[in-house]
Amino acid sequence: MMKKTLSLLLLGLGALPLAGCADDYAYGGRMAYGPGPYAYNGWYDGYYGTIYDGYWGNDGYFYYRRGMGDRVYIRGDRGHFMREAPRGPHNYQPFHGSMTPGPRTSMPHFNGGGGGGGHRHR
């Protein structure tokens, strides 16, 4: 009886470190981030049409999806997405929203939100 109790206790303690990763997932060898949502905002000229959501990558580009079912975020051109309001006459509109990473979603240059800051859930 004592050995069974001790074995169950050790088994439970062995699983404890894995509980810290419960909100993460891995796909294709890439670590993803917690459930979000992660807020974004900026200026967009409408060149790519309607976007569903996106994030600012740590490389300075905005990555977007056209629909909820898209599993790959596409890098937009810096000439169409801006973080700061453009000067002078322009056709940019402010945009903002939030995104939540989904399972099996490819998110290049994503660092947990913020584009230059952010955090990684582990």
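See above for the structure.
Residues numbered from 1 in each chain as written. Predicted model: local features only at pLDDT ≥ 70, side-chain atom pairs only at ≥ 80, totals over all residues. Heavy atoms only, no water.

(A) Structural context of the overall build of the protein chain. A tally of regular secondary structure across the protein chain gives 1 helix and 8 strands. In sequence order, the protein chain lays out its α and β elements as α-β-β-β-β-β-β-β-β. Across the protein chain, every contact between residues at least 6 apart in sequence was considered, and the portion connecting residues at least 24 apart equals 59%. Surface summary for the protein chain: the accessible area is close to 8,100 Å², and the carbon and sulfur share equals 59%. (Helix = DSSP H or I, 4+ residues; strand = E, 2+ residues; numbered from the N terminus. Contact = heavy atoms within 4.5 Å. Areas by Shrake-Rupley, 256 points an atom, 1.4 Å probe, with all protein chains shown as cover.)

(B) Here's a closer look at the packing of aromatic side chains. Within the structure shown, the criterion is met by 16 aromatic pairs. Arranged with centres 5.3 Å apart and planes meeting at 75 degrees, the rings of Tyr38 and Phe110 form a pair that is edge-to-face. Separated by 72 residues along the polypeptide, Tyr38 in strand β3 (residues 38–44) and Phe110 in the segment after β8 (93–99) bring together distant segments of the chain. Under the relative-accessibility criterion, Tyr38 is labelled buried at 9%. Taking 5.2 Å as the distance between ring centres and 10 degrees as the angle between the ring planes, the aromatic pair formed by Tyr55 and Tyr63 counts as stacked. Per residue, the accessibility class of Tyr55 equals that of Tyr63, and both read buried. What links up through ring pairs into an aromatic cluster is the set Tyr40, Tyr44, Tyr47, Tyr48, Trp56, Phe62, Tyr64, Phe81 and Phe95. Of note, Arg75 hangs over the ring of Tyr61, and the distance from its end group to the ring centre comes to 3.9 Å. (Phe/Tyr/Trp six-rings, centres within 6.5 Å; stacked < 30°, edge-to-face > 60°. Buried < 20%, exposed > 50% of the residue type's maximum accessible area, 1.4 Å probe, protein only. Lys NZ or Arg CZ within 6 Å of the ring centre and 35° of its normal.)

(C) Just the side chain of His80, in detail. Within the element layout of this structure, His80 appears in the loop between β6 (74–75) and β7 (81–82). If we ignore the near neighbours within four places in the chain, the residues touching His80 are Trp43, Tyr44, Asp45, Tyr47, Tyr48 and Tyr92.

(D) Spotlight on the pairing of strand β4 (residues 53–56). Side chains Asp53 and Tyr55 of β4 all project onto a buried face; the interleaved residues Gly54 and Trp56 project onto the opposite face, where all are buried too. In this structure, β4 lies alongside strand β5 (residues 62–65), joined through 4 bridges in antiparallel fashion. In the sheet register, Gly54 faces β5, and the bridge partner there is Tyr64. (Pairing = 2+ DSSP bridges.)

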